[in-house]
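Now for the letters of each chain:
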Amino acid sequence: MSSYIAPLKDMTFVINEFADLDAVSKLPGCEEVNAELVDAVLGEAAKFAQEVLEPLNRSGDQEGAKLANHVVTSPGGFKQAYQQFREAGWNGLAGAAAHGGQGLPHIIANPVQEMWNSSNMAFCLCPMLTSGVMEAMAHHAGAEQAARYLPKLISGEWCGTMNLTEPQAGSDLAAVRTKAVPSGTNGDHYKISGTKIFITWGEHDMAQNIVHLVLARLPDAPEGVKGISLFIVPKFLVNVDGTLGARNDVKCVSIEHKLGIHASPTCVMQYGDAGGAVGYLVGEPNRGLEYMFTMMNHARLGVGLEGVAIAERAYQHALEYAKTRVQGREVGQRGGDRVTIIHHPDVRRMLLEMKAQIEAMRALAYFSAATLDKAKRHPDAGEKRRNQALLDLLTPIVKAWCTEQCVEIASTGVQIHGGMGFVEETGAAQYLRDARITTIYEGTTGIQANDLVGRKVGYEKGASAFAVIAEMRKTAAAINALGGDLASIAKSLAAAIDVLDEATRWIVDSFPKNPNAVLAVAVPYLKLFGTVGGGWMMARAAVVARKKRAEPGADAAFYEAKLVTARFYAEHVLPKAAAYAQTVVGGADSVLALAVDRF
């Protein structure tokens, strides 16, 4: 078994060079943010991830969460680790300072979240969902609600969940049936009744209270998604003085037996078996889905980071095995000692494929985190709008592309182990099992792709997409001018940008006339954008690495490795862009050609 080592050098490289730390530090509320603070926070987070969370990852997977009499018990050590997590202040890292949080930007909080997920994804899901609840309530809850719930959520004394899915609804939230009936002498609360499924950490023993955000319908609500409201439904009611009161009418009736993340309880929650769970309306009636999307978009970037994190852990595990597993002699050697498998060319290819893609994924995810900070905090309204449009475009790409690549990378990790990867004893299989949910969480890859080609490209007539492509072309021109050892990167990037531009123009032109054709190739288009976006980031990395390598006292080994991974990405990953583009432009008809009854 390997031990997780946080990739701090690459994290800080990306934060400083791509996430524009200097610009973020100039935003309101970020004046104290600098490289020294980043190093301090990430360094302490790495220790916690490596020393507290990672040792519980395998044991938690083996033991799993347990349900008895509607009570979920977390695996051994989880409750104690959560208390340490909370007491160290990690839960409130990006929380609003007005409610007790540290108010740090996402460009610091998100890399920390990557470490939590690499070391123990099942554990991390609990505080990740709480942070999403905090985000939604900070934007949409009333002042009294914020004062009552946010300080405890930010401190981690209470946890939060999101309750959308129902047995008959799935991703079709228009079919939500959970009811909310006005109650109380002044109609100051509602009685909630219904069933919600797939509720991550919906019930557990790690916190004093659990605050559920629940989608439900009022009696006079219109049909469809326009008739959904959002409610706060706490596990324990909260008294006026902030103390906990009676147990609410909400309970966990079962937990799922899953492929992976066994330590994280995925609950079926029942509301209102004893007359109705007490709930409190958030914001205005019938705007619940709009409010919940504040949480979901926040969570989608978080799930994209899960993809980066699990891929990194799978890579480190495979690398350790490749460096220690002795098998065969080097090519051309008929005698002498056998060597570790990292000496074999195909194993090196697989390791480089993992490493290069992870570095590209991390760069794109952190770049998006900085864009989120600018969208939230920039004092100029025009810059806020520009960054929000860019964030809207990048969110489905980061979520879906990073997670799809994660599954592929974790599978490659199993392949490097050979037959030993297929047995649980080596641990490689857990990363593949855990990775598989990430492409489904917070909207499947297909849903993300439909959002991308529809709302983010089609309706916008490609404005944000073409703006990004223009920035990519600037990078390609700059790297082409440098020449030398960057020539192959410049050539591959320029070709990939051209096919992305062609495919985007096809999407923009086809969407008004034939949206079904566009949706038929939406996933290949998303993968195309992610692949080229990753290549853009790696090209920028190569430019910086070549410059930094020549500076006095530079970490030459790190920068040389960065140049190699950038070149590998350009020569082995970017060529896939042409195939994706060909599928987008010419592949829709065959998807729709076979009648439904012929399948």
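The rules behind the values
Residues numbered from 1 in each chain as written. Predicted model: local features only at pLDDT ≥ 70, side-chain atom pairs only at ≥ 80, totals over all residues. Heavy atoms only, no water. Axes fitted to C-alpha atoms, helices over the stretch in contact; angles between N-to-C directions. Helix = DSSP H or I, 4+ residues; strand = E, 2+ residues; numbered from the N terminus. Parallel < 35°, antiparallel > 145°, perpendicular 65-115°, else oblique. Left-handed = near helix turned anticlockwise from the far one by under 90°. Contact = heavy atoms within 4.5 Å. Expected span 1.5 Å × (residues − 1). Buried < 20%, exposed > 50% of the residue type's maximum accessible area, 1.4 Å probe, protein only. Phe/Tyr/Trp six-rings, centres within 6.5 Å; stacked < 30°, edge-to-face > 60°. Lys NZ or Arg CZ within 6 Å of the ring centre and 35° of its normal. Nonpolar A, V, L, I, M, F, W, Y, C, P; charged D, E, K, R; others polar. Lys, Arg positive; Asp, Glu negative; His and termini not counted. Salt bridge = Lys/Arg side-chain N within 4 Å of Asp/Glu carboxyl O. Polar contact = N/O pair within 3.5 Å; in protein donor to acceptor, adjacent residues only side chain to side chain. Pairing = 2+ DSSP bridges. Core = buried A, V, L, I, M, F, W, Y, C linked by side-chain atoms within 4.5 Å.

Below, the discussion takes up the packing of helix α14 (residues 487–510) against helix α17 (residues 556–573). Two elements in contact, α14 and α17, have axes separated by 9 Å at closest approach and are oriented at 40°. Between α14 and α17, the interaxial angle falls into the category oblique. In terms of crossing hand, the pair formed by α14 and α17 is left-handed. Taken together, the residues of α17 that come into contact with α14 (itself represented by Ser488, Ile489 and Ser492) are Ala566, Arg567, Ala570 and Glu571.

This paragraph deals with helix α16 (residues 522–549). Over its 28 residues, α16 extends 40 Å from the first C-alpha to the last, a length consistent with the 40 Å expected when each residue adds 1.5 Å. Within α16, 20 of the 28 residues are buried, which leaves the element mostly enclosed by the surrounding structure.

With the rule as written, the count across this model stands at 17 aromatic pairs. Grouped by ring-pair contacts, the aromatic residues Phe48, Phe78, Tyr82, Phe85, Trp90, Trp116 and Phe123 constitute a single cluster. When the ring centre of phenylalanine 236 is taken as origin, the NZ or CZ atom of arginine 247, which lies over that ring, is 5.6 Å away.

With that settled, the discussion passes to the packing of helix α1 (residues 8–17) against helix α3 (residues 35–53). Across the interface, α1 lies against α3 with an axial gap of 11 Å and an inter-helix angle of 150°. Between α1 and α3, the interaxial angle falls into the category roughly antiparallel. Judged by the sense of rotation from one axis to the other, the crossing of α1 with α3 is right-handed. Contact residues: Leu8, Met11, Thr12, Ile15 and Asn16 in α1; Ala35, Val38, Asp39, Leu42, Gly43 and Ala46 in α3. Grouping the constituent residues of the contact of α1 with α3 by class yields seven nonpolar, three polar and one charged.

The next subject is the side chain of aspartate 434. By the element assignment, aspartate 434 lies in helix α11 (residues 428–435). With no salt bridge to any partner, buried aspartate 434 finds its closest opposite charge in arginine 433, at an N-O distance of 4.6 Å. For aspartate 434, the residues in contact, after removing those within four places along its chain, are Asp61, Met121, Gly260 and Ile261.

What follows is about α11. Along α11, seven of the eight residues are buried, which leaves the element largely enclosed by surrounding structure. Regarding α11, the residues found buried are Ala428, Ala429, Gln430, Tyr431, Arg433, Asp434 and Ala435. Its buried side turned inward, α11 meets α4 (57–63), α6 (106–140), α8 (288–324) and α10 (381–417).

Below, the discussion takes up the environment of glutamate 290. Summarising the element assignment, glutamate 290 is placed in helix α8. Using a relative accessible area of 42% as the deciding quantity, one classes glutamate 290 as partly exposed. Along the primary structure glutamate 290 and tyrosine 82 are separated by 208 residues, whereas in three dimensions their C-alpha atoms are 31 Å apart. A polar contact is formed between the side chain of glutamate 290 and the side chain of arginine 287, at a distance of 2.7 Å.

Attention shifts here to the side chain of threonine 130. When you line up the elements, threonine 130 lands in helix α6. Setting aside residues up to four positions removed in sequence, threonine 130 forms contacts with Asn91, Leu153, Trp158, Cys159 and Gly160.

Moving on, we get to the pairing of strand β9 (residues 244–247). Two strands pair when backbone bridges link them, and strand β8 (residues 236–238) and β9 are joined in this way by two bridges, in the antiparallel orientation. Residue pairing for β9: valine 238 is matched across the bridge by leucine 244. Counted between consecutive antiparallel strands, the loop separating β8 from β9 contains five residues, among which glycine 242 sits at a positive phi close to 90°.

Attention now moves to the nonpolar core. Of all hydrophobic cores here, the largest spans 148 residues; its most connected members are Trp116 and Tyr525. No other element matches helix α9 (residues 345–377), which puts 16 residues into this core. Formed by 29 residues, the second largest nonpolar core is a distinct cluster that contains Met137, Ala141, Leu164 and Leu230.

Turning our eyes to something else, we now look at the pairing of strand β3 (residues 158–163). Of all the six residues making up β3, six are buried; the element is thus mostly covered by neighbouring parts of the structure. Residues of β3 alternate between two faces, with Trp158, Gly160 and Met162 on one and Cys159, Thr161 and Asn163 on the opposite face, all of them buried. For β3 and strand β6 (residues 209–216), the ladder comprises six bridges, and the chain directions are parallel. Within β6, the residue paired with cysteine 159 across the bridge is isoleucine 210.

Right, let's talk about the pattern of salt bridges for a bit. Scanning all chains against the criterion turns up 34 salt bridges. Aspartate 498 is paired through a salt bridge with arginine 473; the nearest N and O atoms lie 2.9 Å apart. Pair noted here: aspartate 498 is in helix α14 and arginine 473 is in helix α13 (residues 463–482), with a separation of 25 residues, a long-range link. Arginine 505 is paired through a salt bridge with aspartate 501; the nearest N and O atoms lie 2.6 Å apart. Taken together, the positions of arginine 505 and aspartate 501, both in helix α14 and four residues apart, correspond to about one turn of that helix. Taking relative accessible area as the criterion, arginine 505 reaches 48% and is therefore assigned partly exposed.

With the exception of glycine, the majority of residues adopt a negative phi angle, and the majority of peptide bonds are in the trans configuration. With a phi angle near 70°, histidine 70 is a residue other than glycine that sits in the positive phi range. Relative to the helices and strands, histidine 70 resides in the loop between β1 (66–68) and β2 (71–73). According to the relative accessible area criterion, histidine 70 is partly exposed, its value standing at 36%. In this structure, isoleucine 261 takes a positive phi of about 35° despite not being glycine.

Keep in mind these numbers describe shape, not what the thing actually does.
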